[in-house]
Amino acid sequence: MMMRGMNMQGMMKQMQKLQKNMQKDQEELQKTVFEGHAPDDAVVVKFTGDHKMQDIEIKEEAVDPDDVDMLQDLVIAAVNDAIKKVEQETQRTMGKYSRNIPGL
């Protein structure tokens, strides 16, 4: 019976450590800046890991008053590229925790 209690205590310590590491990794990820690029870098956006856009750069040649649709498409391409990178890194960084926690 005593052994069982020790085991439970050890498991709780493990979970607390895992939770602390998970929190640290999450905070690091949220601070990380990801760049998204449209073709030819006509538009470059920067997002933090918590999906907040920090910056956008638009090349002058991408701004054509007669073709606003093209610029919109370039912005969408750059934003989608950045979000894809955020999601891939989130999966890479945080995915290991769901593999270590039963039931997730």
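Given the structure is predicted, the values throughout are model-derived calculations rather than measurements.

J.: Help me understand the sheet that holds strand E1 (residues 33-37) in this model?
T.: In a beta sheet, neighbouring strands are held together by backbone hydrogen bonds and run either parallel or antiparallel to one another. Taken in spatial order, the 3 strands line up as E1-E2-E3 in an open sheet, and their pairing is antiparallel. Each having just a single partner strand, E1 and strand E3 (53-58) make up the two edges of the open sheet. The average angle at which neighbouring strand axes cross in this sheet is 15 degrees, direction not considered. Pairing analysis gives 5 bridges linking strand E2 (residues 43-48) to E3, with the strands arranged antiparallel. Among the inter-strand pairings, Lys 46 is bridged to a residue of E3, identified as Asp 55.

J.: For this particular structure, what's the right way to read the nonpolar core?
T.: Most often, soluble globular proteins have nonpolar side chains that are buried together. The biggest cluster of nonpolar side chains holds 17 residues, and the ones touching the most others in it are Ala 38, Val 43, Val 45, Phe 47, Ala 62, Leu 74 and Ala 78. Breaking this core down by element, the ones donating at least two residues are helix H1 (2-31), E2 and helix H2 (68-100). Sorting elements by how many residues they give to this core places H2 first, with 8 residues. When near neighbours in sequence (up to four residues on either side) are disregarded, Ala 38 contacts Val 43, Leu 74, Ala 77 and Ala 78.

J.: So what exactly am I meant to see when it comes to the pattern of salt bridges here?
T.: It is possible for side chains of opposite charge to pair when their charged atoms get near one another. Taken as a whole, this structure holds 6 salt bridges when the rule is applied. The salt bridge partner of Lys 31 is Glu 28, with a shortest N-O separation of 3.7 Å. A residue pair is termed a helical-turn pair when its members lie 3 or 4 positions apart in one helix, as Lys 31 and Glu 28 do in helix H1 at 3 residues. Assessed through its relative accessible area of 59%, Lys 31 is described here as exposed. Note that Lys 46 is salt-bridged to Glu 35, the shortest N-O span being 3.8 Å. Taken as a pair, Lys 46 in strand E2 and Glu 35 in strand E1 lie far apart in primary sequence, 11 residues in all.

J.: It is not clear to me how the side chain of Thr 93 should be interpreted in this structure. Could you clarify?
T.: For Thr 93, the location among the structural elements is in helix H2. On the basis of relative accessibility, which here comes to 11%, the residue Thr 93 falls in the buried class. Residues within four places of Thr 93 in sequence aside, it is in contact with Asp 25 and Leu 29.

So, how was this worked out
- The written sequence of each chain sets the order in which its residues are numbered from 1.
- For a predicted model such as this one, the threshold for reporting local features is a pLDDT of at least 70, and the threshold for listing and counting side-chain atom pairs is 80 or more; totals across whole chains, interfaces and linings nevertheless cover every residue.
- For the side-chain quantities, the full set of heavy atoms in the structure was used; hydrogens and water were omitted.
- Two strands pair under a simple rule: DSSP has to find at least two bridges between them.
- Every helix listed is a DSSP run of H or I at least four residues long, and every strand listed is a run of E at least two residues long, numbered separately from the N terminus.
- To get an axis, fit a line to the C-alpha atoms, keeping to the stretch in contact for a helix; angles then go from 0 to 180 degrees between the N-to-C directions.
- Side-chain atoms within 4.5 Å link the members of a nonpolar core, which is a set of buried Ala, Val, Leu, Ile, Met, Phe, Trp, Tyr and Cys residues.
- Only protein chains enter the accessibility calculation, which uses a 1.4 Å probe. A residue is then buried if its area is under 20% of the maximum for its type, exposed if over 50%, and partly exposed in between.
- Working rule for contacts: check all heavy atoms of both residues, and any pair within 4.5 Å makes them a contact.
- When a carboxyl oxygen of Asp or Glu lies within 4 Å of a side-chain nitrogen of Lys or Arg, that pair is called a salt bridge.

In short, shape yes, function no, at least from these values alone.
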